[in-house]
Amino acid sequence: MTLQQEIVGNAMQMAVVSLQPGQTVYCEAGKFLFKTTNVTMETRLGGPSSGGGQQSQPGGGSGGMGGLLRQAMGTAMQAGQRALAGESLAFQYFTTQGGEGTVGFAGVLPGEMRALELDGTRAWFAEKDAFVAAESTVDFGIAFQGGRTGRSGGEGFVLEKFTGRGTVIIAGAGNFIDLNPADFGGRVEVDTGCVVAFEEGIRYGVQRVGGLNRQGVMNAVFGGEGLSLATLEGDGRVILQSLTIESLANALKKAQGGDKQGPTGGLFSTNAQ
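Presented here is an overview of the structure given in this document. If you're wondering where the values come from, they're calculated on a predicted model, not measured in any experiment.

Let's talk about the overall build of the chain
- Of regular secondary structure, the chain possesses four helices and 18 strands.
- The buried share of the chain, reckoned over its 273 residues, is 44%.
- For the chain, restricting intrachain contacts to residue pairs at least 6 apart in sequence, the fraction spanning at least 24 positions comes to 77%.
- Accessible surface, the chain as shown: approximately 13,500 Å² in total, 54% of it carbon and sulfur.

Structure below.
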């Protein structure tokens, strides 16, 4: 059953979901806006993949004590992984009773939202905190970017991973642009904070801006990009955002008084109190 949803608004969008009997949608804690009275809300630590979104079956259908132990261990591992990634520990689950119900969700920054349809063949990866809500048939996981890529990329060491079948709703800052690196010679280079989400099959990496020469130093010091750019290669869908969290934070700090960006920006940004 396809999730009926509508994304409304402009500068700060929200998703209005119409739940049919038997449908369940879950969101990250803090993304819920409103619901009709016939929609129940339950907060749980686990996502669907850990059993946290499933009710135990009567008569020991979950595998008895062993099944309950495995479910508890799966929930604990997922919660620990999310805590390590700096994500919210809890999910909120919404189910309608006695007919159609309505639930509203939103992101935490001014910007767009997007509904992604998963058909079970390709996973989606998204920046940290992009997840808003999803059907219970969609599994939420954490993907750790290994080695130098994760540590030097603006998305941090962590990406959100969505698998399964159904609808997942994500949010970002500013306006979105969809592109496929295959349409641009197979590779695009972007500000590390501009990546919102990309399909499985896209290779994500980080490269130094220029070489260790005069122009490379100029790019790092005066260009405002620091030392790295994100690279996206392959054939698949990529979603970028026009506003980075770093630039928004710098603008807010500057408005409060004090040049937090510094006279040159980039590598020599300041953090004066």
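Now that the structure is up, let's keep going.
Focus: the nonpolar core
- Phe131, Phe162, Val168 and Ile170 are the most contacted members of the largest nonpolar core, which totals 21 residues.
- Of all elements in the fold, only strand S6 (91-96), strand S8 (113-119), strand S9 (124-127), strand S10 (131-135), strand S11 (138-144), strand S12 (158-171) and strand S15 (195-199) reach the threshold of two or more residues within this core.
- Looking at this core, the element that brings in the most residues is S12, giving four residues.
- When sequence neighbours within four positions are dropped, the list of residues in contact with Ile170 reads Glu112, Met113, Arg114, Leu116, Ala130, Val132, Phe162, Val196, Ala197 and Ile239.
- Counting residues in each nonpolar core, the second largest holds 16 residues, with Val17, Phe94, Val103 and Ala133 among its members.

Brief notes about the side chain of Asn180
- Within the fold, Asn180 resides in the loop between strand S13 (176-179) and strand S14 (187-190).
- Classification of Asn180 by relative accessible area gives buried; the value is 16%.
- Looking at Asn180, its side chain comes within polar contact range of the main-chain nitrogen of Ala182, at 2.9 Å.
- Among the polar contacts made by the side chain of Asn180, one reaches the side chain of Asp235 at a distance of 2.8 Å.
- If we skip the residues at most four places from it in the chain, Asn180 touches Gly234, Asp235 and Gly236.

Here's the deal with the pairing of strand S7 (residues 101-106)
- Across the six residues that make up S7, a large majority, six, are buried.
- Looking at chain direction, strand S4 (residues 32-35) and S7 are connected through three bridges and run antiparallel. Bridge pairing in S7 places Lys35 opposite Val103.

Comments concerning the pattern of salt bridges
- Summed over all chains, the structure comprises eight salt bridges.
- One salt bridge in this structure joins Arg237 and Asp178, with 3.0 Å as the shortest N-O distance. Pair noted here: Arg237 is in the loop between strand S17 (228-233) and strand S18 (238-241) and Asp178 is in strand S13, with a separation of 59 residues, a long-range link.
- Judged by relative accessible area, Arg237 falls into the partly exposed class, the value being 30%.
- Its relative accessible area of 36% is what places Asp178 among the partly exposed residues.
- Here the salt bridges share partners, and the residues they tie into one network are Glu112, Arg114, Asp178 and Arg237.

Examining the pairing of strand S2 (residues 14-19)
- In this sheet, S2 lies alongside strand S1 (residues 4-8) in antiparallel orientation, the contact comprising five bridges. In the sheet register, Gln4 faces S2, and the bridge partner there is Ser18.
- Connecting the antiparallel pair S1 and S2 is a turn made up of five residues, with Gly9 showing a positive phi of about 100 degrees.
- The pairing of S2 with S7 spans six bridges and is classified as antiparallel. Across the sheet, the residue bridging to Leu19 is Gly101, located in S7.

Side note on the sheet that holds S2
- Ordered by their spatial adjacency, four strands build an open sheet running S1-S2-S7-S4, and the pairing between neighbours is antiparallel. Two strands lie at the open edges of the sheet, namely S1 and S4, each paired on one side alone. Strand after strand, the sheet turns through a mean of 20 degrees between neighbouring axes, direction not considered.

What about the side chain of Thr231?
- Position of Thr231 relative to the elements: it lies in strand S17.
- Relative accessible area serves as the criterion here: at 5%, Thr231 is assigned to the buried category.
- In this structure Thr231 touches Arg187, Val188, Glu189, Arg203, Tyr204, Gly205, Val206 and Gln207, once residues within four positions along its chain are discounted.

Points about the sheet that holds S14
- What the three strands build is an open sheet, ordered S14-S17-S16; its pairing is antiparallel. Of all the strands in the sheet, the pair left with one neighbour each is S14 and strand S16 (203-208). Along the sheet, successive strands turn relative to each other by an average axial angle of 30 degrees, direction set aside.
- Pairing of S16 with S17 involves six bridges; the strand directions are antiparallel. In the sheet register, Val206 faces S17, and the bridge partner there is Ala230.

What counts as what
Residues numbered from 1 in each chain as written. Predicted model: local features only at pLDDT ≥ 70, side-chain atom pairs only at ≥ 80, totals over all residues. Heavy atoms only, no water. Helix = DSSP H or I, 4+ residues; strand = E, 2+ residues; numbered from the N terminus. Buried < 20%, exposed > 50% of the residue type's maximum accessible area, 1.4 Å probe, protein only. Contact = heavy atoms within 4.5 Å. Areas by Shrake-Rupley, 256 points an atom, 1.4 Å probe, with all protein chains shown as cover. Core = buried A, V, L, I, M, F, W, Y, C linked by side-chain atoms within 4.5 Å. Polar contact = N/O pair within 3.5 Å; in protein donor to acceptor, adjacent residues only side chain to side chain. Pairing = 2+ DSSP bridges. Salt bridge = Lys/Arg side-chain N within 4 Å of Asp/Glu carboxyl O. Axes fitted to C-alpha atoms, helices over the stretch in contact; angles between N-to-C directions.

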